[in-house]
Every structure is written in C-alpha cells, then in structure tokens.
Amino acid sequence: MSENQYASGTIYGINGPIIYIKGQTTFQISEMVYVGEEKLVGEVISLTKKRTTIQVFEETSGLKPGDKVIGTGGALCATLAPGIINNIFDGIERPLREIAASSGKYIKRGFSMTSLDTEKKWRTTMKVTAGQIVYGGTIIAEVPETPAVVHRVMVPPDISGKVTFAVPSGEYTISDCLIKVRLKDGTEKALTMTQRWPIRVPRPVTERFLSTQPLVTGQRILDTMFPLAKGGTAAIPGGFGTGKTMTQHSIAKWSDADIIIYIGCGERGNEMTEVLEDFGKLVDPRSGNLLMDRTTLIANTSNMPVAAREASIYTGITLAEYYRDMGYHVAIMADSTSRWAEALREISGRLEEMPAEEGFPAYLASRLSTFYERAGMMHNLNGTEGSVSIIGAVSPQGGDFSEPVTQNTKRYVGCFWGLDKSLAYARHFPAINWLNSYCDYISDLTPWYSENVSPHFMDYRGRILALLNTESSLMEIVKLIGSDVLPDDQKLILEITRVIRLGFLQQNAFHKDDMCVSLTKQFKMMETILYLYDVSRKLIAMGMPMRILKEEGIFEHIIAIKYDIPNDKPEMFEDYRKDIDAFYQHVMEKNA
Amino acid sequence: MSIEYLGLSEINGPLIILEGVSGASYDEILEISVNHETRLGRIIEIYEDKAVIQVFKGTMGMSLGNTRTRLTGHPMEIAVSEEMLGRTFNGVGAPIDGLSPIHSDIRLDVNGQPLNPVSREYPRNYIQTGISSIDGLTTLIRGQKLPIFSGNGLPHDRLAAQIVKQASLGDNSDEKFAIVFAAMGLKHDVADYFRRTFEESGVSDHVVMFLNLANDPVVERLITPKVALTAAEYLAYECHMHILVILTDITSYAEAMREVSSSKGEIPSRKGYPGYLYSDLASLYERAGIVAGNEGSVTQLPILTMPNDDITHPIPDLTGYITEGQIVLERSLFGQGIYPPINVLPSLSRLMKDGIGKGFTREDHQDVANQLFSSYAKVGDVRALANVIGEDELSPTDKLYLEFGKAFEARFVAQGEEENRSVLDTLAIGWQLLGMLPREELDRIDTKILDQYYKPAAEGKGN
C-alpha cells in the first residue's frame, strides 16, 4: 500500500501521550495511525477544522514537531485467529513473548510485529465444501488450538455468499486462503483463518437472552451467597490489600468458563508474571488440561503507556466476543477498571476537557456502561450459544465506595462483591462483606440450583443470610454491653454465625481441599451447619445453657469440615450428622 | 556544535517557554546558561517551534534576555559504572563528594523502559530483616517494592536504617549486595543520619547516594528517583548485584510534581495532584523486580510520610495500589514507647505467601501469621468493648485477649534498635504469645501444626 493512499500529516505539538496536527486533515475519527520514524501506534481521538488530536499508545519521548503521521484507513483492530489462547499480549495485542525474544527484557518502542504467529501451520479440519452457501459466523474449519480449546474458524460477520472453492483438510497457516466466496455483488473474496475487528465495536449477534446458568467458581461466598450468571457482570471493589486480585485469580483458576481472558490493566508486573507462572503449572480440575490452555493474558502494567491501558479493556473484550461467537462461555477478569478510568481521566486532562466529578471526564458513566453491556448470554450468528461474563475489579480511592468509578459501575453490574478492609485486616479471606454485597441474578438462577444441586439450596442460602443479618444487629448490642448479658438463644446465634463465618464464608485459597469447592459440598456444608443450629436450638429451648453446648467442641468440629472432607467424599457428611446427633444425646444425658 | 538560542519568551515558576526552536524533541534535555552557570532543563510540552521547559535548578536569576539555551539531542541520561559505589551525587547525578564525575562509555536514559512481564521472574526469596513484625507478618521478598507509610516525627528513618544494617548482614552476605539511596527533599540531619549509619555498619563502600535535600531545587526532585533507579538497574542487571533502593520521601516527590503541574496550568484531579500521579508513581515503583535468568535484583523500600497521618490521602493511597504491600507506622504505638511502632493490621506483604513456609522459613509460618493477625484484630474489638463497659465486666476469654494484645505489642512488635532476631526466634515468640490463648480460639491454624507447636502458657513458659 502506498503512503499517499491514506491521510497523513505532520506533528505540530506534543504533550505526554497526546499529539496534535495543525489544520484540517483527512483522517477519520478513531483511525489507527503510525507516528514518527519509529512508527509508534496511535489513534485519532478528535478532529476539528483547526487541529487533529491523536493519542499515542507508546512512550512519546524523542518525537519532534514536523515528524510524519500516517493513517491506516481503518480503526484500531484486533487480529483474531488461532494462537490467541495460551499467549500474553500488551494493550494493543502485541505479543509480549515475541517482543521479549527479539528485544530483550524491556519493551522497546515502535515495535511493529504481527499479533499472531503467521508461520505456524495449524492442523485444520474443513467444515464447508464448494457450492455451499455461507453467512457471517458460519464455521469454515476447526483447529485444535490448545489441548483444551478447539478454535472454530468463522466467516466474518459482514460476509455471505456461495463458496466457490475450498481447500481440503490439512495443515495451514493463519494467512493461507481456506475458501473463496462469491459475494452478492459478484466479486470473489478469499477467506483465511484471520479476521480483523475494530476493538471499540461490539461483534454482532442474533439476539441476547436471559441467562439461567451460574458461572460456578468453586468459591462458597460467590456460588452460594452472590452467584454470577454466565453472561452476567460483577464488580469487585476494595481498597488496596483487600484481595481483589486474589479473588480474580481464584475465579480465573477455578470457574467453569471455557475461556478466560485476564486483563491486567494498569496493575503490577509481578502479578502478571505470577499468573503466567502459576497457570502454566496448575491443572484445571474439570478437564485435566493446564489452566494456561484456556487462558489469554492482556498485560498493560501500570508503567506501560497510559493510552494502551485505555485500549486494553477493549482488546480483551473483543477477543472474548470472538470466542463467544464460536459457542464458548468466556469469562473476563478486568483488573482493574479504576486504572482504566484513570487512563481516561489522564487523557481527558491532557485534552483540557471540562472535568466532572473528581476530575473524571463526564463520559465516564457512558463508557463504563457500553463496556459492561458487551457482556451477555447470546445466540450467535451461526446458531451457537455463548456468553461473555465480565468480572471487573474496582480500586476506589481511599477505599471509599462513594467515588465515581464505584458508583457508576454499581449502576451497570448485576453482582456487587464489596471487599471489606476490616475483614482483610483480620485475614478473613475472601474479604467479601456479606452485608453490603448483592446479586441480581438469584431469581433467574434459582431453577438451575433446584434442578442441579438441591431444591433446598436457595432456601438454605436465605436462612444463612438471615442469620448473618441478625448477627450484625446483635453485634451492635454486644459492642455496647458485652456478650455475657445476652439470652442463650441469642448467644447461640452468635456462635452459629461464627461457624458460618469461619467454617463456610472463609475459604483458604492455598489449601488443596478448600481452594475450589463443588456445589454439592457447598450445599452439604450449609445443610450440616443449619442442622447443628436446629439441634442446638432445641437444646436451648429445653433450658440448656450455651456454656454447656460449647464445652462439647462440636462447633469447632463443624468449622473444620472445609478441611476435613475432601471434595470427592460427600458421603462423609453422614458421619458429621451422626456426630451432631451424638452431641444432642450426650448433652441430654449429662444434664438431664 | 548545535545552535544556541538567546533569551526566552516566558518564565513562570519552574517553567520557561522558548520560542523559535527547531528540531527539538519531546522529553529532550537542554542546557541553559545563565550568568556563566549551566542549568539543565527538560522539554515537557512542545508546539511547533515553541517549547515548554522545566528547569531543574529553578529559574532564579533568569531574565527574558540573559539566557543561552542549547539542545542536547537526547533525553536525560547519566553515565553509569561500578565505580558509583561509595559515591555521593546530587539529585541529578552530579558528584558532590569532591571527586571527579563518573567516566563511562555507558550512558543510560533515566526514564527507563517498562520491563516486559514475560521477562520478569516472580520474586520468591525472602530477605531476613531481623525485625519480628516484618519477618513474621509482612515478610520482605527480594525484588519486592514494600513502602513504609509513616508520619512526621515517627521513626521511619531509624527503621529503614535498621533494615539496611540487618538485611545486609544476613546469611547471604557473600553475595554481591549494594544500597542505592535516593533522598528527595530530605532534611540535612536526616541525610547525615543515614550517611553515619552506613559508615558505622561498614556498608558505605556499597552505597550510592543521590541527595536532593530540602533546600535544593524542587524540580530536581522529580528526576532524583529516576536517576537513582537507573543506577540501581545498571548495578543489578549488568553487574549482577542485589540492590536495595531506599527512596525517601515520596511525599516530597509528589509535592514537586503538583507544583510543576500547577505551573503548567494542568487540570488537577484529587487534592490538586495531577491526573497522572498514579502512572508517574508506577513508573518508579514498577522498576523493582527480578529479570529471569539474571542474578541481580532491585528491591525497593520507599518511605513516605502520610500528610496528617491519613492513609487515604492520594499519595499513600495510590502507592498502596502499586506496591506489593506496605508497612504502616502508628503514632499511638510510638506514643507508648514501642519501637518499631508498626501497626501490623493494615501492614501487608503481597509476595509473602510464596516466599515463606516449608523450604523457605518453616511450615507453620503462614498459619502463625494468619492467627496472629486474626487474634490481634480481635484484641481491637475487645479494647473497644472494654472502653465502654470497663475491663472488669469482660468475659474471661476477652480478658485473655487483652493480655495477649499487650504482650503482643511488648514482646513481638517491640524490639531493640540493635536487636536482630532470626525468623525462628520470631516464630517462637509467636507461639509463646498464642499459648496465652485457649486452643479453641486458634481457628486459623491447621490441626496438625497445632498439635506440633501449640503449648498453653502455663507449660510454654519453660521455653
């Protein structure tokens, strides 16, 4: 392509990641551009008759007024083809492993590199033959991308027509022509495995529908108390050190999604390294494959250029939508959306836009909502069903949930998992506060739980939450007068909620039996705790003092269930039920 | 010889504006001579032929006519070599110890470049500092960035000095280690205190000092940590040394940033700090780490004084979001004569979980730490209750917690400035303290570990 085919200009001014071109240009809004001799990647963000404003996704030091800016004619796109899974990219989908291999430990600037390996030959099984009519989304071929993921090569959404030529199954690269399609206008179009899609535009679907399946995460406080639907959205807000990243890691490791897209947006470099190292070793208990075989990382750490941080969220969700179109359930971890909002604020400040709350631009809310609305359970163009679930961490300034990012996020998410500083200080993890968290999916998901786990599941959940709420109001009294003066039935509530907090809500992410817990075990644990409560209540009603009940050690015994019963031995719960019966007998005999 | 530009078109606080320049690039360094003295400046904004320049030494004495400005053609660079060890430099890397400048062919851009996450190695080796509350509860890991959140008048300097002394004399003293000390807006006596400490502990040959003192030009502060970290990276990755970088005081650095930002007329975000405070701090802190396949490491110990002891102030808040934990000093503990006055509850080391336990320290370490945190958090609740109903009315268990709390502060947290405890000593103290509580209160410890280590206080006293 010759340079003069697309718009071009010369730099007039530079301010951090923002550059200006003077005068009227022929650039399009959102067009991707190359800046300067090093061809740094940038994007046009505003156009007036007097000047064109461009944000640059790389460090701008060394750029000069007078340097050339060249357009590409298209918006910033993600490259979609086999090779995405088990890979790590920066915010604009440049492969970090290849960058490390060719430029060493630092990320050099102006590194133009194809996102995916174009040399590698993939074992391709063709699914269409010549003569067939194909539409946007039709599956052309299947490629085993990793042991865990079959990559379904699709016709791009905007193309349909009759197949005039198809290669036989065999080994092909992502740039080899697989089929040729005669379009409606009579022209012929060659299709490869590769699609390009603008990251800020949602990929089309047939329709969105209500999700009735939970995203099972193996985390008790999430699955039981505040479950997330497949295709739903959740926010995890919390001050520093409250465990946002740990919770995200746990979900990325143990949830039953088919594909995980982990976006490290303006966070720590070491955390991304940790995910890379851990997921390359850990085995997915459901499939027996390595976790990395279903995971893609987008790493735009806090010291990487701020504009690319803004783009990283969109790159991530575009990859997710692409896999959803193949019929997969995809979960996105966005850690952290606050850093993304701060990137918006930083660029907005450089553009001298009028700030709204706390310096954030006025369009913060609308950007957040368009991002979260890209989640959902969908009927895809090719008839498959797939979902994108978004789990966004929020890092509120000073841990104060009233700040704009948390507040605006709350309006668009279905699950709110509020992390609590005082729980984290007491090392109660996951430090999700059960009183201020909420979940909008309960009624949609109840039928699924009734069918697949137990009809009593939601009933027990309700009882447990009610007990915890009673505890919180009792604690108000205890704080004033101490617990000794409470009547025994209320002391029992305090004791049983202690069992719930320590034995059920608290979960050890490093214990082999506790890091991921099946729904059956979660249900049985609730059942056992509530049975203990019922039995004890009977004893208290007969006038037995709480002191005697505590002496039996049964409460500690039940707390230890999480460690003592492995996931694959639910029959052991019977023994605990017997122990509770024995406890009843023993108290009765001793104190009759 | 490049062109010299005569005169300026505007002077505003630490910023000057030069018009009619050609060929200047963003972030380039300029030399400005004023009355035979040369000052350095950096281009922070540029429009066609008009450059906004930040002058490191300040604009005092400049007029619109008396300056001659020359472009250097490159961003801020310093010469690096192993000879920097034992030397003292000012905030922009010029020697102030009376010796000659560093001569080296290697000149590095002080802005650094982001380390590729793929090339990093996840830090796992702990550094024994000999301080119980750090080793036991917020273990420092080689390659970590662990700031000290302090307040004015609290002994953060003494604590940092103790860490330097004891960490460098640890078991790994045969390996090559060095300290890079960057002072930003530090008082003279504090800088002297550090210099003396380094001399007394015999490490001064292994220290590189970059001093921007309280009366030095404010704008230089913005470059000091970058210069220091560039030196640290060179020593770590090219000379394969383990580097401990002390950055003090980050608050002065952020204040300087705010000053320049407001002179530039930028739109402020929180408390007048610029919107890029987070990204800018991250560009410092993220330069800690270990590169895979390289023997060296950069560990950072930034110190910041929280304005009005407020941990939600933007500087500690944003720092906490970038660093891998924090050590928080508490005024009320200091008031009770406890040194080091570390409030363990908000303190945290994120990398601790992978650097302790079996094969590193001892298998019970994580459990003991969790239990101490959890029990000490309970102490806070009990104290609040005792304030309302009086100690006498507390239940027997609650009274045990009060005693535990006192003993924890007096025996575990408090220790002498010269006292160097091994991790095993620290764990032993931890178990003695846990022995004061009944076994059923210890709900964070695996049953097997309790069986092995737990001794109730009555029997445990013989240890």
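Please refer to the structure placed before this passage.
The sections below set out a description of the structure shown in this document. Note that this is a predicted model, so its numbers are computed, not measured.

1. Things to note about the interface of chain B and chain A
Okay, step 1: Taken residue by residue, the interface counts 73 residues in chain B and 79 residues in chain A.
Okay, step 2: Looking only at chain B, the three residues that lose the most surface to chain A are Tyr26(B), Pro117(B) and Tyr321(B), adding up to 12% of its buried area.
Okay, step 3: Viewed at the interface, chain A and chain B are joined by five salt bridges.
Okay, step 4: Arg124(B) is the partner of Glu277(A) in a salt bridge, and the nearest nitrogen-oxygen pair spans 2.8 Å.

2. Some remarks on the sheet that holds strand E13 (residues 161–166) of chain A
Two orientations exist for strands paired in a sheet by backbone hydrogen bonds: parallel and antiparallel.
Residues and elements named next belong to chain A.
Okay, step 1: On the basis of which strands lie adjacent, the open sheet formed by four strands has the order E10-E13-E15-E16 and antiparallel pairing. On the outer flanks of this sheet lie strand E10 (133–134) and strand E16 (188–191), each paired with one strand and no other.
Okay, step 2: Taken together, the four bridges between E13 and strand E15 (residues 179–182) define a ladder with antiparallel strand orientation. Bridging from a neighbouring strand, Lys-162 pairs with Arg-182 of E15.

3. A word on the nonpolar core
Okay, step 1: Counting residues in each nonpolar core, the largest one holds 90 residues, and the members touching the most others are Ile391(A), Trp417(A), Leu549(A), Phe555(A) and Ile558(A).
Okay, step 2: For this core, the leading source of residues is helix H13 (residues 519–541) of chain A, giving eleven residues.
Okay, step 3: Apart from the residues lying within four places of it in its own chain, the contact partners of Trp417(A) are Leu222(A), Phe226(A), Leu228(A), Ala234(A), Ala235(A), Ile236(A), Pro237(A), Ile251(A), Ile391(A), Ile432(A) and Ser437(A).
Okay, step 4: The next biggest cluster of nonpolar side chains, apart from the first, holds 80 residues, and it includes Phe198(B), Ile342(B), Val368(B) and Leu442(B).

4. Regarding the pattern of salt bridges
Okay, step 1: In this structure the tally under the stated criterion is 57 salt bridges over all chains.
Okay, step 2: Put simply, Arg463(A) and Asp534(A) hold a salt bridge, and the shortest N to O gap is 3.0 Å. Within this pair, whereas Arg463(A) is found in helix H11 (residues 457–481), its partner Asp534(A) is found in helix H13, the two being separated by 71 residues in sequence.
Okay, step 3: Among the ionic pairs, Glu471(A) bridges to Arg501(A), the shortest N-O distance being 3.0 Å. One end of the pair, Glu471(A), is in helix H11; the other, Arg501(A), is in helix H12 (residues 488–505), and 30 residues separate them in sequence.
Okay, step 4: For Glu471(A), a relative accessible area of 6% puts it in the buried group.
Okay, step 5: Using a relative accessible area of 23% as the deciding quantity, one classes Arg501(A) as partly exposed.
Okay, step 6: Each of Glu495(A), Arg498(A), Lys550(A), Glu556(A), Asp443(B) and Arg444(B) takes part in a single network of salt bridges with overlapping partners.

5. Examining the pairing of strand E22 (residues 329–335) of chain A
One face of the sheet, then the other: side chains in a regular strand alternate in exactly this way.
Residues and elements named next belong to chain A.
Okay, step 1: Along E22, seven of the seven residues are buried, which leaves the element largely enclosed by surrounding structure.
Okay, step 2: Residues His-329, Ala-331, Met-333 and Asp-335 point to one face of E22 and Val-330, Ile-332 and Ala-334 to the other, with burial holding for every one of them.
Okay, step 3: Pairing between strand E20 (residues 259–265) and E22: six bridges, direction parallel. Bridge pairing in E22 links Tyr-262 to Met-333.
Okay, step 4: Here E22 runs beside strand E24 (residues 385–394); their pairing, made up of six bridges, is parallel. Residue Met-333 lies in a different strand from E24, and its bridge partner there is Ile-391.

The rules behind these values
Residues numbered from 1 in each chain as written. Chains lettered and ligands numbered in written order. Predicted model: local features only at pLDDT ≥ 70, side-chain atom pairs only at ≥ 80, totals over all residues. Heavy atoms only, no water. Contact = heavy atoms within 4.5 Å. Buried area = accessible area lost by both parts, 1.4 Å probe. Salt bridge = Lys/Arg side-chain N within 4 Å of Asp/Glu carboxyl O. Pairing = 2+ DSSP bridges. Helix = DSSP H or I, 4+ residues; strand = E, 2+ residues; numbered from the N terminus. Core = buried A, V, L, I, M, F, W, Y, C linked by side-chain atoms within 4.5 Å. Buried < 20%, exposed > 50% of the residue type's maximum accessible area, 1.4 Å probe, protein only.

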